[in-house]
Every structure is written in structure tokens, then in C-alpha cells.
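Residue strings, one per chain:
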Amino acid sequence: MPAAINIAGIGNYSDPSDAVTPRVVPDAPTNVVAEVGNRGLVSVTWDAPVFNGGVEITDYVVEVCTDAGCVVYADDESELAVASVANLTVGTSYTFIVAAVNAAGTGKYSDPSEVVTPRMLPSAPTQVSALADKLGNIDVTWIAPNANGATLTDYVIQSCAAKVCTTFEDGTSDATSVQVTKLPLGVAVAFIVKAVNAAGPGDYSSP
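This one's a predicted model, so the numbers in the text were calculated from it and none came from an experiment.

Conventions and cut-offs
Residues numbered from 1 in each chain as written. Predicted model: local features only at pLDDT ≥ 70, side-chain atom pairs only at ≥ 80, totals over all residues. Heavy atoms only, no water. Helix = DSSP H or I, 4+ residues; strand = E, 2+ residues; numbered from the N terminus. Rg over C-alpha atoms; globule rule 2.2 N^0.38 Å. Buried < 20%, exposed > 50% of the residue type's maximum accessible area, 1.4 Å probe, protein only. Contact = heavy atoms within 4.5 Å. Areas by Shrake-Rupley, 256 points an atom, 1.4 Å probe, with all protein chains shown as cover. Lys, Arg positive; Asp, Glu negative; His and termini not counted. Charge placed at Lys NZ, Arg CZ, Asp CG, Glu CD. Disulfide = S-S within 2.5 Å. Pairing = 2+ DSSP bridges. Axes fitted to C-alpha atoms, helices over the stretch in contact; angles between N-to-C directions. Phe/Tyr/Trp six-rings, centres within 6.5 Å; stacked < 30°, edge-to-face > 60°.

A. Up close: the overall build of the protein. Within the protein, the regular secondary structure consists of zero helices and 16 strands. Taken against the 2.2 N^0.38 rule, which gives 17 Å for 207 residues, the C-alpha radius of gyration of the protein at 31 Å runs more than 25% over that of a compact globule. Taken over the C-alpha atoms alone, the protein extends approximately 120 × 35 × 25 Å along its principal axes. Scored against the burial criterion, the 207 residues of the protein give a buried share of 33%. Pairs at least 24 apart in sequence give 60% of the contacts found in the protein among residues at least 6 apart. By element, 53% of the accessible surface of the protein is carried by carbon and sulfur atoms, the whole surface being about 12600 Å². A distance of 16 Å separates the average location of the 8 positive side-chain charges in the protein from that of its 22 negative side-chain charges.

B. Highlighting the state of the cysteines. Per the stated rule, a full pass over the model turns up two disulfides. The disulfide that involves cysteine 65 links it to cysteine 70, with 2.1 Å between the sulfurs. Because the torsion about its S-S bond is 110 degrees, the bridge between cysteine 65 and cysteine 70 counts as right-handed. Overall, cysteine 70 belongs to the partly exposed group, its relative accessible area being 40%.

C. The pairing of strand β6 (residues 69-72), seen in detail. Across four bridges, strand β5 (residues 59-66) lies against β6 in antiparallel orientation. Paired with valine 64 across the two strands is valine 71, which belongs to β6. Here β5 folds back onto β6, and the loop between the two strands holds two residues.

D. Broad picture of the sheet that holds strand β14 (residues 177-180). Overall, antiparallel pairing links the three strands, which are arranged β10-β11-β14 in an open sheet. Each of the sheet's edge strands pairs with one partner strand only, and the pair in question is β10 (126-132) and β14. Neighbour-to-neighbour, the strand axes of the sheet open up by a mean angle of 15 degrees, direction not taken into account. Bridging between strand β11 (residues 138-143) and β14 involves four bridges; their strand directions are antiparallel. If you follow valine 140 over to β14, its bridge partner there is valine 178.

E. Focus on the packing of aromatic side chains. Overall, the coordinates contain three aromatic pairs when judged by the stated rule. Judged by centre distance (5.1 Å) and plane angle (65 degrees), the ring pair of tryptophan 142 and tyrosine 155 falls under edge-to-face. Of this pair, tryptophan 142 sits in strand β11 while tyrosine 155 sits in strand β12 (residues 154-161), and the two are 13 residues apart along the sequence. Residue tyrosine 155 is classed as buried on the basis of its relative accessible area, which comes to 4%.

F. Quick look at the environment of proline 112. Positionally, proline 112 belongs in the loop between β9 (105-109) and β10. In this structure, the C-alpha to C-alpha distance between proline 112 and alanine 34, residues 78 residues apart in sequence, is 9.6 Å. What proline 112 contacts, discounting residues up to four positions off in sequence, is Thr95, Phe96 and Ile97.

G. Representation of unusual backbone geometry. The phi dihedral of asparagine 87 falls on the positive side, at around 60 degrees, and the residue is not glycine. Notably, glutamine 127 is not glycine yet its phi reads approximately 50 degrees, a positive angle. Along the chain, the position of glutamine 127 falls in strand β10. For glutamine 127, a relative accessible area of 65% corresponds to the exposed category.

H. Main features of the environment of leucine 131. Among the secondary structure elements, leucine 131 is positioned in strand β10. Classification of leucine 131 by relative accessible area gives exposed; the value is 61%. Distance in space between the C-alpha atoms of leucine 131 and valine 115 is 45 Å, their sequence separation being 16 residues. In this view, leucine 131 contacts Asn137, Ile138 and Asp139; residues no more than four positions away in its chain are not counted.

As C-alpha cells, this is what we get:
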């Protein structure tokens, strides 16, 4: 509270000002983790700064980084320490950095997350064909689908008779053919195939 001074001495003090709290920008968030989900989404989480700058954190800024640089992710994340980042390019590598915001401004950015690559479920295989030999074996072949940003790791094959489908038990790794044995003779059978990548299994092919 100020008071005026003249030759006679110090006058009366003023009324007090409104209360204020000294503050600075917050420290950087820590432990930034990016986890890839299906359909190109990445979930980013982090720990709040140890020091908030002396005032409540009101927001976080998430930046998406590639070899070309970093750009601010458009969505507001409020005070929650999590963001779901969409519209990323499948097959492109990304890291993420985060800064906390309080009434004093935006603080320092965190260390980057580990590199992640968005992915999507694979497309359905095409041109599935089946050829029976004289011993009752059936050779099933197909064309590999678009892997959508992740390596194809497996295929699931089902044999369908009278509109009832059962999964063929033998694994096929990433091969685009398999020989099916021990099926009932004289029964018409069709086959459907779906591909699997790190995001999970895609849709079945046409029979």
C-alpha cells in the first residue's frame, strides 16, 4: 500500500490493491508416451509438470513432429494430460512434444516421445481361388491386400459349406497360398481369407 510523503511526514496509506499471486510459466511435462491405435489414431499421454509456475495449469499444447519439423495439433486439450491425435498419414513416423500453459504463458516443451508409425487394418485379400486335386486336397491362393502402414503378419482362412464357415486351423504366416486337407469328400466348399497386421485382422475377402 503506498503513502505520500511531504515535509510534514508520511501521510495515510491507500486502500489495499486487489490480491495478486507471483507466477512464471510452468516446467515442461514429462514421460510423454505415444501409442498407436487403429485407423491412423495415436493416443498421447504425459505427466503434468512437477512445478506449475505458481498458478493452475489451464491447457496443454501438443505438437506433432516429423523429419520436416513440428506443427501444433489443432484440438484444445484443456487440462487433461491426454490427447487423441487423428488425421495422421499412415506409414509416416511421428514423435510428439507437449508444453503446459498457465496464466503466465506457455512453458517449455517436453522431451519427444518415442517414434511411432500410424497404421490401419489391412484391406481384404482379392482373387481368392481354390483348386482341388485327385487326392481330395485343395490349394487355396489369393492376392495380398494393401497392408495400410504395417507389415502383414498372418492370414486367417475359413472354409464355408452350406453357408457355415469354420476357420482353417493351420497358420499360414504371410504366405498367399495354403493347401487344405481332410475336408469331407463330395461336399462343395468355398473359402474366404482375411489378412492380419499389427493393428489386427481386416475384413474377409469375397468367397
